[in-house]
Structure formats: structure tokens, C-alpha cells
Amino acid sequence: MKLKSKWLLSGISSVLALTIFMPTAANADKLGDLQQQQQEAKQQQGELNSGISDKTEKMTENASKLETLSKKIDELNKKIQDTETKINDVQSKIDQTKTEIEELRKSIEELERKIAEREELLKERARAIQLSGGSVDYIDVLLGANDFVDFIDRMSAVNTLIEADRDIMREQAADKKLLAEQKEQVETKLAQQEERRAELVGLKTSLDAQKKEQAGLVKELKAEQQRLEKEKASLVQQRNESIEVSSQLEKEIAQEQERLAEIARKAEEERQRKLAAERKAAQERAAAARVAAEKQAAAELAAARNAAERKAAAERAAAAKKKASASAAAVRTTTPASNSVAAYSAPAPAATVKSSSGFIRPAAGRFTSRFGWRDIGAGQEFHQGVDIANGTGTAIVASAGGYVSFAGSMGGYGNVIILTHSINGQTHATVYAHLSSIGVSKGQAVSQGQRIGGMGNTGRSFGTHLHFEIHVGPWNGSRSNAVNPAAYVSL
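Below: a short report on this structure. Just so we're clear, the structure is a prediction, and the values are computed from it rather than from any experiment.

Here we look at the overall build of the protein chain
The helix and strand inventory of the protein chain stands at six helices and 13 strands. In the protein chain, buried positions account for 30% of the 491 residues. In the protein chain, once contacts between residues fewer than 6 apart in sequence are set aside, the share between residues at least 24 apart is 70%.

Shown next, in the form of C-alpha cells:
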């Protein structure tokens, strides 16, 4: 794009150089070259505007993605914070459980000590039973009493021993059961807490991975956003350069149109001067002819009168009959001079009468569309000219004499010719659009009524017709100086 802008700028310099050093025929092509460059500059601006819109749309889309990712990252940060809080809570519970386990361990050690002591006592009792022959005969103990009181004492002692053994066995069983329950309870609780902690740690690891992934996407989007901003800034700079080029080209086109209008004005003045000179020469020739004719008539009349006088003098003495004959001869002698005067007094042909506005109708046909606002089905549009409909190829003529400032294809105009005129010192431009053929070229001088092309249906057209515009001043792309052609030509 930058290279194209530089090319357009260098193109202006080249055209200016050609204006100075090339002959008049090359200068006549300058306006067409400038208009072509302006059209290319506007096309470039359209492409740049499209690129800028595309970059802006992508930047907006990226900004939306960044906002979405930022929300996701905030959500992940909150989840990570909640998970860390839960992990810390579980860790606190684990630490508390470990403290409980430590305290329980002491209780278990005491319980294990009691169980060990009871087991040792039971082992002693077992050894005693084994040493006594395998059993203790409490009846022998009772029967070995010396008296009833001794028997009662022995009975109480036996009961005491039996009950003590039973208590030891019950306590041993209960302590072992309690020991197993406490160990299982603590170990289960600790395992559950460790499992919960492992789950939370795994969740945090997953959340950290997601956060890292989202952060990577944010980094990529920010880099993409920076790239788009740079590209957009570059496109904006190129568009500004292109607008500057268009502005310069607009000035050059206006200057060239003024130059062509001045050429047309001078050509018109020269033509009028030549016509005036020709009319003056014709008048002088007519006056000279009249003088010559008058002289010849006078000479012939004088000669006739002299001849008549000589003949009358010679025959004066003749008879009345001869005198009458001489008079008749004199009358015949004057007839040629009288005829010469009549031939001279015949009127000259009248000059061709032109329109008072200086313009003529550019084509034959019927008037189908007026100047101003009109309904085209999809809404209202302002019609900058008038339409004249006829058959394809109907002759299109120059509405006034001037120079061809453009001849070629131009968007919705299709095949179009633009003429620049100078009429009564005022620059005008006329536009002939939708042509089927073009019979003139850029820079060519044309006269009023000269055929310049054929009626057609090219461009944005819905039937064979001529779209005709008149502009007061040179033609410009915005067509801001278009006027109603009906005020200048009879439709």
C-alpha cells in the first residue's frame, strides 16, 4: 500500500513534468491521467477502509475474548483460593487428628501395658495350674478346712479367686476390643483426611494448570492485539497518505479543467473572431460586389444613353415613325442595367440560429426522467441529470463545443464522455452516460452538434437511454455543481 501511495505521488510529479516538456497533444491527456490516478487513489482508500474495519472488528473480538478469559481466570483464582482454604482446613484437621493420635497413642501404650501385665498374670496362673498337675481342685481346698469358720473363709477366698480371674479375663477382652476400635477409628479418620487432602491437592494442581493455560491464551491474545493495533495504525497512516494524494490530485484536476476551459474559451473566442472576420470579409465582398455592380450598371446606362442620344441626333430629322422606333430602341437599351440591379438586390442566406443558452439537445428521443429526487423502488435518490430514451446506437452529439476531458468506463455511468466548455466566459461541463459506443478520445476538440457516441444501456442502467448532465463549472466527483438541463435545452 505504501509503495502504491508513493507511486501515486511520483505519478503527479511525472504528469507535472509532462505538462512542461511534452507537446500540446500530450498535455490534453493530462486530465485523463489525473482522473485515472484519482480513481485508483479512491479505490485504494476503499481497500484501506475495509482493512481498517476488519482490524477493528478483530480487535473488538479479541477484546471480548480477553474479557471472557479474564473472568475465567478470576473464577479460577477464586476456586484456587477456596481450594487452598479447604486444603489448609483439612491440613488443620489432619494436624489435630495427629495430635489426637499422639494422645491416643499414650492411652494405647497404657492400655497395652495393662494388657501385658494381665497377660503376665494369666501366664503365672497358667504355670501355677500346670505345676499343680493341670488343675486346681477348689473342693480339696474347701475340704481341707479345719472347722466351719475355716471352711467359710476358704469358700470366700475361692470365690474371690474365681471372680478375680473372671474380672481379669473380662478386662483383658474389653481392653483388647477397645484397643482395636481406637486403632481402627484413628487410622480410618487419618486415611480419610489424607485422601481428602490428596483430592484437594489434585484439584489445586488442575486449577493451576488451567490458570497457566488461560494465562498463555491471554498472552497470545495480547500479542495478537498489539499486532492488530500496529497493522491498523499502518493502514490508517496509508489511508491518510492516500487522502493527501487524492486532495492533491483534486487540485491538479481542478487546475487542469480550468486550463482546458481556458483553452476552450480561447478557441471559442478565436472561432468567433474568425467568424466575425469571415462575416466582415463577406460583407466587404458583398459591398465591393454592389459597388462593382453599380459601376457596371451606371456604365451600361451611360453607354446606352450616349448611344440613344447619338442615334436620336442622327435621326432627329426622320419621320415620326423612325423617331418612335428610335425611342423604342432606347428603351430596350436600358433593360440590361435594370436587370443587373434586380439581381444584386437578392437577399443573402440567413445565418444558423443557436440556442440562447449556448447548448443544444444532445440526442433525439423521448424525455423519460427529470432532474431531482425520484423513487427507484429501494428508496429515494437524487437524479443529477435527465434521461432521453431511444433505440440502441442513436446518435449522441456534443451539446456545445469544447474539449473531451474524459472518455471511458466509470462505475455506474458505464461508458461515459465528459466535455469541458467555455461559454460566455463561464466554464461548464456536460456528461453523456450509459453509451453503447464512444467516438471521441481524451483531449480531443469537438464542435457543437458533432457526433461523439451512440446511445446504450451500460453501467447502472435499466434500458437504452442517454443520461445527460450539465455542470456550472468543471465536473467534480461529488457532482455538487450539477444543474437542471431542462433550463438550458428544450426537452
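Structural notes on the packing of aromatic side chains
Taken as a whole and assessed by the stated rule, the structure comprises four aromatic pairs. Between the aromatic rings of F371 and F382, the centroid separation amounts to 5.3 Å while the plane-to-plane angle is 85 degrees, which identifies the pairing as edge-to-face. Within this pair, whereas F371 is found in the loop between β1 (366–369) and β2 (372–375), its partner F382 is found in strand β3 (residues 380–383), the two being separated by 11 residues in sequence. Relative accessible area serves as the criterion here: at 32%, F382 is assigned to the partly exposed category. Ring geometry for Y432 and F468: centres 5.4 Å apart, planes at 45 degrees, overall tilted.

Concerning unusual backbone geometry
Of note, the phi angle at N424 is positive, near 55 degrees, even though the residue is not glycine. In this structure, N424 sits in the loop between β7 (415–423) and β8 (426–433). The class for N424 is exposed, based on a relative accessible area of 77%. For H434, which is not glycine, the phi dihedral falls at a positive 70 degrees. Looking at where H434 falls in the secondary structure, it is placed in the loop between β8 and β9 (435–438).

Section: the sheet that holds strand β5 (residues 395–397)
With respect to topology, three strands assemble into an open sheet ordered β5-β11-β9, the strand pairing being antiparallel. Every interior strand has two partners, whereas the edge strands, β5 and β9, have only one. Each strand of the sheet is rotated relative to its neighbour by a mean of 35 degrees, with strand direction disregarded. Judged from the three bridges that link them, β5 and strand β11 (residues 451–455) form a sheet pairing that is antiparallel. Looking at the pairing, V397 lines up with R451 of β11.

Structural notes on the nonpolar core
If you look at the biggest cluster of nonpolar residues, it comprises 22 residues, and the most contacted ones within it are I396, I417, L419, Y432, I452 and L466. Of all the secondary-structure elements, those providing two or more residues to this core are β7, β11 and β12 (465–472). When near neighbours in sequence (up to four residues on either side) are disregarded, I452 contacts I396, V397, A398, I417, L419, Y432, I438, G439, V440 and V446.

With respect to the side chain of Q225
The topology assignment puts Q225 in helix α5 (residues 148–314). A relative accessible area of 12% means that Q225 is categorised as buried. Side-chain polar atoms of Q225 contact the backbone oxygen of M59, separated by 3.1 Å. Residues contacting Q225, with those up to four places away along its chain left out, are M59, N62 and A63.

Concerning the pairing of β7
Within β7, eight of the nine residues are buried, which leaves the element mostly enclosed by the surrounding structure. Bridging between strand β6 (residues 402–409) and β7 involves six bridges; their strand directions are antiparallel. From the neighbouring strand, F406 faces β7, where its bridge partner is I418. Hairpin connection of β6 to β7: five residues between the antiparallel strands, including G411 at a positive phi of 50 degrees. Pairing of β7 with β8 involves seven bridges; the strand directions are antiparallel. Opposite L419, over in β8, you have T430 as the bridge partner. Counted along the chain from β7 to the antiparallel partner β8, the turn is two residues long, and its residue N424 has a positive phi close to 55 degrees.

Examining the pattern of salt bridges
All chains considered together, the criterion is met by nine salt bridges. Ionic pairing is found between R227 and E224, a salt bridge with its closest N-O pair at 2.4 Å. In this pair, R227 and E224 are both assigned in helix α5, three residues apart and thus about one turn of the helix distant. E469 is paired through a salt bridge with R479; the nearest N and O atoms lie 3.2 Å apart.

Conventions used here
- Positions within a chain are numbered from 1, following the residues in the order the chain's sequence is written.
- Side-chain atom pairs in this predicted model are given and counted only at pLDDT of 80 or more, local residue features only at pLDDT of at least 70, and totals for whole chains, interfaces and linings cover all residues.
- Based on all heavy atoms of the structure, the side-chain values leave hydrogens and waters out of the count.
- The helix count covers DSSP runs of H or I at least four residues long, the strand count covers runs of E at least two residues long, and both are numbered beginning at the N terminus.
- Three labels apply to residues, based on accessible area from a 1.4 Å probe with only protein chains included: buried if under 20% of the type maximum, exposed if over 50%, partly exposed otherwise in between.
- When checking whether two residues touch, look at their non-hydrogen atoms; a contact exists if any pair is within 4.5 Å.
- Stacked, tilted and edge-to-face are the three classes applied to pairs of Phe, Tyr and Trp rings, where Trp contributes its six-membered ring and a pair requires centres within 6.5 Å; stacked means planes under 30 degrees apart, edge-to-face means over 60, and tilted covers the rest.
- Here, a strand pair is defined by DSSP locating no fewer than two bridges between the strands.
- The convention used is that axes are lines fitted to C-alpha atoms, helices contributing only their stretch in contact, and that angles between N-to-C directions extend from 0 to 180 degrees.
- Think of a nonpolar core as a cluster: buried Ala, Val, Leu, Ile, Met, Phe, Trp, Tyr and Cys residues, connected wherever their side-chain atoms sit within 4.5 Å.
- Polar contact is the term for a pair of N or O atoms within 3.5 Å; when the atoms are in protein, one must be able to donate a hydrogen and the other to accept it, and sequence-neighboring residues count only if both atoms are side-chain atoms.
- Think of a salt bridge as a Lys or Arg side-chain nitrogen and an Asp or Glu carboxyl oxygen that are within 4 Å of each other.

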